[in-house]
Amino acid sequence: MTALHTVLTIIQVILAIALVAIVTLQSGKSSGLSSAIAGGDNSFMGKNKSKALDAKLAGATKWIGAAFLVLTFVLNLF
């Protein structure tokens, strides 16, 4: 059981680092107003590219967060 616990702990640390990185890469929800005032990129392709990237990052955050939560419960059982 010690080897399994060590492997699961390493996986949890990797998931924690990935979760922090993905949340850091996401744009803030208030960036729309500040870019409108400051004259940000208003092109159609620029808007859709950032929205598609934000959607992918949001999906990855949900899945990695869920895996982190389940792994935390599993490690708590040992």
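Structure: above.
Residues numbered from 1 in each chain as written. Predicted model: local features only at pLDDT ≥ 70, side-chain atom pairs only at ≥ 80, totals over all residues. Heavy atoms only, no water.

1. Let's talk about helix H1 (residues 2-25)
So, point 1. Between the first and last C-alpha of H1 there are 35 Å, a value that for 24 residues agrees with the 34 Å anticipated at 1.5 Å per step.
So, point 2. For H1, the complete set of buried residues consists of Leu8, Gln12, Leu15, Leu19 and Ile22. (Helix = DSSP H or I, 4+ residues; strand = E, 2+ residues; numbered from the N terminus. Expected span 1.5 Å × (residues − 1). Buried < 20%, exposed > 50% of the residue type's maximum accessible area, 1.4 Å probe, protein only.)

2. Points about the nonpolar core
So, point 1. Among the nonpolar cores identified, the biggest contains eight residues, and these are Leu8, Leu15, Leu19, Ile22, Leu57, Ile64, Leu71 and Leu75.
So, point 2. For this core, the secondary-structure elements that each account for two or more residues are H1 and helix H3 (44-77). (Core = buried A, V, L, I, M, F, W, Y, C linked by side-chain atoms within 4.5 Å.)

3. So, the side chain of Thr61
So, point 1. Looking at the secondary structure, you find Thr61 in helix H3.
So, point 2. Non-local contacts of Thr61, meaning those with residues more than four positions away in its chain, are made with Leu19, Ile22, Val23 and Gln26. (Contact = heavy atoms within 4.5 Å.)

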